[in-house]
Amino acid sequence: MQNKNKKLKLLVPLVSVFLGLLIGGIIMLLSGYPPIEAYIALFQGIVGDSYVIGETIRQMSPLILSGLAVAFAFRTGLFNIGVEGQLLVGWLAAVYVGVTVDAPAVLHIPLAILAAAVAGALWGAIPGILKARFKVHEVITTIMMNYIALYSTNEIIRSFLLAPGERTENVKESASLASPFLQSITQYSTLHYGIIVALVAAVIMWFLLWRTTMGYELRAVGFNQHASQYAGINVSKNIILSMAISGAFAGIAGSMEGLGTYQYMTINAAFTGVGFDGIAVALLGANSAIGVVLGAALFGGLKIGALNMQSIAGVPTELVGVVIALIIFFVACSYIVHWLMNRVSKGGKI
Amino acid sequence: MEYVIDMRNIRKEFPGIVANDNITLQVKKGEIHALLGENGAGKSTLMNVLFGLYEPEQGEIYVKGNKVVNNDPNIANSLGIGMVHQHFMLVDKFTVTENIILGKEPTKGGKVDLHTAAKEVQALSDQYGLRVDPYAKVEDISVGMQQRVEILKTLYRGADILIFDEPTAVLTPQEILELIQIMRKLVSEGKSIILITHKLKEIMEVCDRCTVIRRGRGVGTVDVKDSNPDSLAAMMVGREVNFTVIKGISEPKESVLTIKDLIVLDSRKVPAVNGLNLTVKAGEIVGIAGVDGNGQSELLEAITGLRKINEGSIHLRDKDITNLTPRSVTASGLAHIPQDRHKHGLVLDFSVGENMVLQTYYQKPFSKNGILKFSPIFEKAEKLISEYDVRTPDAFTPARALSGGNQQKAIIAREVDRDPDFLIAAQPTRGLDVGAIEFIHSKLIEQRDKGKAVLLVSFELDEIINVSDRIAVMYEGKIVAVVDPKETTEQELGLLMAGGKRGTVHAE
């Protein structure tokens, strides 16, 4: 039974990807684009040469982290829609430390990432406190906090850190995750060391949840607050802790952008979308650490590959958006199917 | 044509398990037919086969003489079979009438004709003596009335074969008497009833015949008038069952739990426990008798640290545990078998093994420096599973997949194994079959004999009288009387529970 479940878990996303591509192809056909050429271009745009591989991996890093943030909260029964905001404050904190602090790289990089994690954690803890203390639903507060983060970070950059070009200064070299080595082996893509941080974070997430007493408490509270309270677990503390850890992952996702991809922070006219993509990545990855990494690979790949699809096959990148949406749609649907199947077998409890 | 329902040699398999093996169930028109079996014996599976939710691997089903090949729940409806579910399927915010007509609404000019519907409901309710208020909202009516709404739902759909799934589990003694009247009325009006239950008393009282299944196999069908509770229980469990709880004389020693002038507010800020005093000594079982809602839940929550104590004090031995956190109370030597095993007792999505360490996961050897140690956890779980005969495929199975009786055994294993000075058992046998009840009672007495103090809260007077060494009657937040179970009767307890004075029962 358990084996069957595991197979099913793997099968659901695979079938969804297939169906998403299939229906995306039909849509291309209907709108007068050549689907097969488009998909070949898309595929080549993901793994065609070392440059696009580098770009795909670079794109994955923040997605892994934002996916982990959503998945972690979800495992403990919370829905963190605020990853976007936590990412922005993390980004700013990392860049601030990167710009203002003088230290050798071995200290400077960890310090900047830590600053991002702490900023994200604090930003995430606020909705946690509101939920634990006043029973305000975290979906509402985290959405609000996103806007506060967006406009506050912009204002802080404008007032204190502004450099020409509506952005901050570049972070110092000692805080940068950029890697000439990684760039040189990928035909000078923007690949940086962030992927290592992201993979380590995935391991940490798995370990925290499944191997520690803290994770045991968090999961228990996520499944059943009453039984947790009865067993002597402090429910309020765990809600706040869960949101803080989730926010820390999101904050580190921000540092990927600040220390890696961009090396600075711009004044954002709108949300980056990485935080919201994290919700989809977590869904695709069934909220498991390894699943999130795979989901981020798919997401990152499709986004990078879309550029090639546009330039080679002339298919607009928006169609990749449609394909991504279809994949998510089918994953969501098959969870419903999955859930129904579970319900039926539970009904037959013997 | 003799039988309205004739299920012959039904076999239903699930991967790895035969849920029904050669079961025959034949129900005559106009009879109340009991379907008796332990939790997990396969009663629900058999009914699901009848309803077409499962297709049997073997066997034939005839309804009113016609062979049924059914794989569609709607067929059961069209054949006039209706189910009164144990967990009511009602929309709280709808009125009684709206609930009854749901899915079969009479319309007039495109609008639901509630007025006619309400009249029809009233007529049905009068015909069968099912007292309901057609215009009341379901959330406002009593559990007993909700059940009558469920019955009316099946009648409204034209059912003449009614299946009652453990109907008395949620009812008060008074409501049970009413339900028995209703069932008698229904058969006198020509309906046939299948009563799924494991309460022998009810079978003896109301049923004509009884089909027994044990671990998926049909054991046989007997006429109730030729049988007795002992023989039925033996058929169900497969061995002789002790109804009279065997226990020696208690030897109470020092006080373990001492409650003084306790005042606890309920969620509406009204005193639910109002100046309560109680002592439980080592080596005795104190039973709290009382009608539900007289402050029992609040009392237990106050003792266990789940609810704030406004006035008064609670001592566990010499330690003041007033308003300590649940964790500190537990650590002071208290174990608690909670009233609602799904809500408080288990994290249903955790494995059985993880549930076994729900209070001890942070201690050695189950964890070290915040890292869980899985091999000691699952070793412990395996040990408890075998000692307490928790029937589960393994310790990694989610607690949700276990039957109610085995879930309860898992909780008891966990609580008793911590070797507490003081054990609270709240409704420990609710919804369980005689075999499990016997087991749980023996465990409680075993604890007492080991010199532990046990507090038993139950709404079943039988249980209170049989298991307790002293009975404290709780009424409106106070202990109004403490009686010796050997010298009291259900009548006297009933009167005390209703706020009467001691002795008046003899005077009347």
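Within any chain, residue numbers begin from 1 and follow the written order of that chain's sequence. Each chain takes a letter, starting from A, and each ligand takes a number, starting from 1, following the order in which they are written. Totals for whole chains, interfaces and linings use all residues, but because this is a predicted model, local features are given only for residues with pLDDT of at least 70 and pairs of side-chain atoms are given and counted only at 80 or more.

> Before we go on, may I ask you to explain the overall build of chain A in this structure?
Going along the chain from the N terminus, every DSSP run of H or I of four or more residues is numbered as a helix, and every run of E of two or more is numbered as a strand. Within chain A one finds 14 helices and 0 strands. Across chain A, helices and strands are ordered from the amino to the carboxyl terminus as α-α-α-α-α-α-α-α-α-α-α-α-α-α. Two things to know: the radius of gyration comes from C-alpha atoms, and the globule rule equals 2.2 Å times the number of residues to the power 0.38. For chain A, the C-alpha radius of gyration of 21 Å lies close to 20 Å, the compact-globule estimate for 350 residues. Considered along the principal axes of its C-alpha atoms, chain A spans approximately 65 × 50 × 30 Å. Remark: C-beta atoms are placed from the backbone, and a residue is labelled buried if 20 or more other C-beta atoms sit within 10 Å of its own, exposed if 12 or fewer do, or partly exposed between those counts. For chain A, with 350 residues in total, the buried portion stands at 52%. The contact criterion used here is simple: two residues whose C-beta atoms, placed from the backbone, lie within 7 Å are in contact. Nonlocal contacts in chain A, meaning residues at least 24 apart in sequence, comprise 79% of its contacts between residues at least 6 apart.

> What am I meant to see in the nonpolar core here?
Across soluble globular proteins, nonpolar side chains have a tendency to be buried as a group. Definition of nonpolar core: a set of buried Ala, Val, Leu, Ile, Met, Phe, Trp, Tyr and Cys residues joined via C-beta atoms within 7 Å. Grouped together as the largest cluster of nonpolar side chains are 250 residues, with contacts concentrated most on Leu65(A), Leu68(A), Phe249(A) and Leu456(B). Setting aside chain neighbours within four positions, we find Leu68(A) in contact with Ala201(A), Ala202(A), Met205(A), Phe249(A), Ala289(A) and Val292(A).

> Help me understand the interface of chain B and chain A, please; the structure alone is not making it clear to me.
Quoted interface sizes are often the accessible area lost when the parts come together. In this complex, chain B contributes 33 residues to the contact, which on the side of chain A involves 19 residues. Classification used: nonpolar for Ala, Val, Leu, Ile, Met, Phe, Trp, Tyr, Cys and Pro, charged for Asp, Glu, Lys and Arg, polar for all others including Gly. A class-by-class count of the residues in the side of chain B that touches chain A yields 18 nonpolar, 12 polar and 3 charged.

> What am I meant to see in the pairing of strand β22 (residues 453–457) of chain B here?
Within a regular strand, the side chains alternate between the two sheet faces. All names here are of chain B. Burial within β22 is extensive, with 5 of its 5 residues counted as buried. Burial of β22 is two-sided: the residues Ala453, Leu455 and Val457 facing one way and the residues Val454 and Leu456 facing the other way are all buried. Being paired, for any two strands, means DSSP has found at least two bridges between them. Sheet topology note: the strand β15 (residues 284–289)/β22 ladder contains 5 bridges and is parallel. The residue of β22 that forms the bridge with Glu284 is Ala453. In this structure, strand β21 (residues 422–426) lies alongside β22, joined through 5 bridges in parallel fashion. Counted as the bridge partner of Phe422 is Ala453 from β22. Handedness of the β-α-β unit built from β21, helix α15 (residues 434–449) and β22 comes out right-handed. Throughout, right-handed denotes a crossover for which the path from the first strand over the helix to the second runs clockwise when the strands point away from the viewer.

> Would you mind showing me how to read the sheet that holds strand β18 (residues 334–337) of chain B here?
The strands making up a sheet associate through hydrogen bonds between their backbones, and the pairing can be parallel or antiparallel. Residue and element names in this part refer to chain B. Across the sheet, which stays open at both edges, the 6 strands sit in the order β18-β21-β22-β15-β23-β24 with mixed pairing between neighbours. The open sheet has two free edges, formed respectively by β18 and β24 (478–483), since each of these has just one partner strand. Ignoring strand direction, the axes of neighbouring strands in this sheet form an average angle of 20°. The pairing of β15 with strand β23 (residues 470–475) spans 4 bridges and is classified as parallel. Bridge pairing in β23 links Ala289 to Val473. Where helices are involved, their axes are fitted lines through C-alpha atoms of the stretch in contact, as for all axes, and angles between N-to-C directions lie from 0 to 180°. Docked against the sheet, helix α14 (residues 404–417) engages β18 and β21, running at close to 170° with respect to β18.

> Can you help me understand the packing of α14(B) against α15(B) in this one?
Relative orientation and spacing of two packed helices are given, respectively, by the angle between their axes and the distance between those axes. All names here are of chain B. Running from N to C, α14 and α15 point in directions that differ by 10°, and their axes come no closer than 11 Å. Relative to α15, the element α14 lies roughly parallel. Of the residues in α15, those in contact with Gly405, Gln408, Lys409, Ile412 and Val416 of α14 are Ala436, Ile440, Lys443 and Gln447. Looking at the contact of α14 with α15, its residues break down into 4 nonpolar, 3 polar and 2 charged. Roughly parallel means an angle under 35 degrees; roughly antiparallel, over 145; roughly perpendicular, 65 to 115; everything else is oblique.

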